[in-house]
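Examination of the molecular architecture
Take a look at the letters that make up each chain.
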Amino acid sequence: MNKRVSKITLSSFGAGLFLLLVWKGPWWADSGHMGPGLSPGVAAVVTGFRTVIVAVGAGVVAAIGLYYTDRNFRHSRDILTHVREKDSEQAELTREGQVIDRYSSAIKMLSADPATEKLGGIYALERIMHDSPKYHSTIVEVLVAFIRANAQRGNAVQEGEIDERMPDHLSAAATVLGRRPDWDEPFRIDLRRAYLRGVDLKGAKLRRCRLGNSALEKADMRGIDLSEGWLGGASLKGAYMSSAFLESAVLTKVDLTEVDLSKGSLSRADLRNSILRHAVLKAVNLVNADLRDADLTGANLEMADLSGADLRGAKFDGAILDQATIAGARLSPCYGLTMAQLTSTKGFDRAETPDNLE
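Predicted, not measured: the structure shown is a model, and the values here were computed from it. (Residues numbered from 1 in each chain as written. Predicted model: local features only at pLDDT ≥ 70, side-chain atom pairs only at ≥ 80, totals over all residues. Heavy atoms only, no water.)

Focus: the overall build of the protein chain
Scanning the protein chain from terminus to terminus reveals seven helices and zero strands. Secondary structure elements in the protein chain, listed N-terminal to C-terminal, are α-α-α-α-α-α-α. A total of 358 residues make up the protein chain; the buried ones form 40% of that total. Sequence separation of at least 24 residues holds for 22% of the intrachain contacts in the protein chain that already meet a minimum separation of 6. For the protein chain, the computed accessible surface area is about 19,500 Å², with 55% contributed by carbon and sulfur atoms. (Helix = DSSP H or I, 4+ residues; strand = E, 2+ residues; numbered from the N terminus. Buried < 20%, exposed > 50% of the residue type's maximum accessible area, 1.4 Å probe, protein only. Contact = heavy atoms within 4.5 Å. Areas by Shrake-Rupley, 256 points an atom, 1.4 Å probe, with all protein chains shown as cover.)

Below, the structure written as structure tokens:
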């Protein structure tokens, strides 16, 4: 209220001063030359002075108008920005509420008895994972826990039965897990001791995943990324793993009997004591891999790259080594390797020749 009174007072004073200047200004400005009479010369001076005063007054009024217009514009813009921020916050809260509702519904479906509802819950969680990155880690952990809780041998098959494939809802959970968005995760996926027989993991992104002692017989793992993964003690008998990416993976004591690993990459992989009987290892990258005491009986290693690999104690009975590269490989001692097998390789003259060569 006081500010308003001050503005009115100041405006009244300014208007009065302006009128006074227009009226008496010429005589105040040049009283020595302005007589009491209004001769043509004096009239011209008075008119010119008053014109200048009016122009200055108009300029001042215009400047004040522009100032208040700008201030009002800024104020309106600030109000609009504030309203937009509030609307955005409200919209975000609404979206967050919708996501929470969707997540709760998906979890309820996941815990329902009918398998079809479980499938719906799994795919609903996948949709949320793509729509809301902040829920990514939580949903991954939920899916992992779901698989580990249900994909146990006792839960997956009846006693004495050997099922060829996982139940559909477990297979779907594993598939969704494998094709999740490629975002940073503060943990390693842990599927140790899981029963994943016949699971479809084609092209799955499971880097650094723990699958130790898991049952993965006849699983479709073509093109899978399991680099730096841990599969110690897992059973991969009859699995399809062509073009699999397993660099620096731990596969100690893994059963890879008859597994197709052709064109895969296992450089620097740890395959100690693994069973690779009749495995297809054509054109596989095994550079600097550790194959100590591995059983490669009947394995097809045609065109495989074994440069720098550690093959001490490995069994090569009936293995095919045509055009395989073994330059720099450590072969002494190994078992079942014949001179014919050795000479069919490339770089055998730069490999460590075993003393017990047959």
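Following the structure, the description resumes.
So, unusual backbone geometry
Going from S332 to P333, the amide bond is cis rather than trans, its omega being -5°. Mapped onto the elements of the fold, P333 is located in the loop between α6 (168-178) and α7 (339-343). Even without being a glycine, N213 presents a positive backbone phi close to 60°. Summarising the element assignment, N213 is placed in the loop between α6 and α7. Positive phi is not limited to glycine here, since D293 has a value of about 60°. For D293, the position within the fold is in the loop between α6 and α7. Judged by its relative accessible area of 45%, D293 is partly exposed.

Observations regarding the packing of helix α3 (residues 115-131) against α6
Relative orientation of the contacting elements α3 and α6 amounts to 10°, with a least axis distance of 9 Å. By the criterion of interaxial angle, the relationship of α3 to α6 is roughly parallel. Facing A115, K118, L119, I122, Y123, E126 and M129 of α3, the residues of α6 in contact are D168, H169, A172, A173 and V176. Partitioned by chemical class, the residues of the contact of α3 with α6 number eight nonpolar, one polar and three charged. (Axes fitted to C-alpha atoms, helices over the stretch in contact; angles between N-to-C directions. Parallel < 35°, antiparallel > 145°, perpendicular 65-115°, else oblique. Nonpolar A, V, L, I, M, F, W, Y, C, P; charged D, E, K, R; others polar.)

Let's talk about the confidence of the model for the protein chain
Summing up the model confidence of the protein chain, the mean pLDDT is 82 and the portion of residues at 70 or higher is 79%. Across the protein chain, the element-wise mean pLDDT spans from 50 in helix α5 (residues 153-156) up to 90 in helix α4 (residues 136-150). Within the model, pLDDT remains below 50 along residues 154-162, and this stretch shows eight contacts once partners closer than five positions in the same chain are excluded. (pLDDT = per-residue confidence, 0-100.)

Points about a nonpolar patch on the surface
Where nonpolar side chains cluster on the molecular surface, the patch consists of V56, V60, I64, Y67 and Y68 and spans about 460 Å² of accessible area. Relative to the assigned elements, V60 resides in helix α2 (residues 40-110). (Patch = residues over 30% accessible without salt bridge, like charges linked within 9 Å, V, L, I, M, F, W, Y side chains within 5 Å. Salt bridge = Lys/Arg side-chain N within 4 Å of Asp/Glu carboxyl O.)

Topic: the side chain of E126
Tracing the backbone through its elements, the reader meets E126 in helix α3. What makes E126 buried here is its relative accessible area of 11%. For E126, the contacting residues outside a window of four places in its chain are V176 and R179.

Brief notes about the packing of aromatic side chains
Counted under the stated rule, the structure contains one aromatic pair. Ring centres 6.2 Å apart and planes at 35° place the aromatic pair Y103 and Y135 in the tilted group. Highlighted residues: Y103 in helix α2 and Y135 in the loop between α3 and α4, separated in sequence by 32 residues. For Y135, a relative accessible area of 13% translates into the label buried. (Phe/Tyr/Trp six-rings, centres within 6.5 Å; stacked < 30°, edge-to-face > 60°.)

Some thoughts on the environment of A319
Secondary-structure assignment places A319 in the loop between α6 and α7. For A319, a relative accessible area of 6% corresponds to the buried category. For A319 and E302, which are 17 residues apart along the polypeptide, the C-alpha to C-alpha distance reads 9.1 Å. A319 has contacts with L296, G298, A299 and Q341, leaving out every residue within four places of it along the chain.

Some remarks on the pattern of salt bridges
Using the criterion set out here, one finds 18 salt bridges in the structure. Of the charged contacts in the structure, one is a salt bridge between R102 and D131, with a shortest N-O distance of 3.2 Å. Placement of the pair is R102 in helix α2 and D131 in helix α3, with a sequence separation of 29 residues. Given a relative accessible area of 34%, R102 falls into the partly exposed group.

Thoughts on α6
Most of α6 sits inside the fold, with nine of its eleven residues counted as buried. Every buried residue of α6 is listed here: H169, L170, S171, A172, A173, A174, V176, L177 and G178. If you follow the buried residues of α6, they end up packed against α3 and α4.

Brief notes about the packing of α4 against α6
The geometry of α4 relative to α6 is characterised by a closest axis approach of 10 Å and an angle of 145° between their N-to-C directions. Judged by the twist between their axes, the crossing of α4 over α6 is left-handed. On α6, the residues that touch V140, L143, V144, F146, I147 and N150 of α4 are H169, L170, A173, A174, V176 and L177. The class makeup of the residues in the contact of α4 with α6 is ten nonpolar, two polar and no charged. (Left-handed = near helix turned anticlockwise from the far one by under 90°.)

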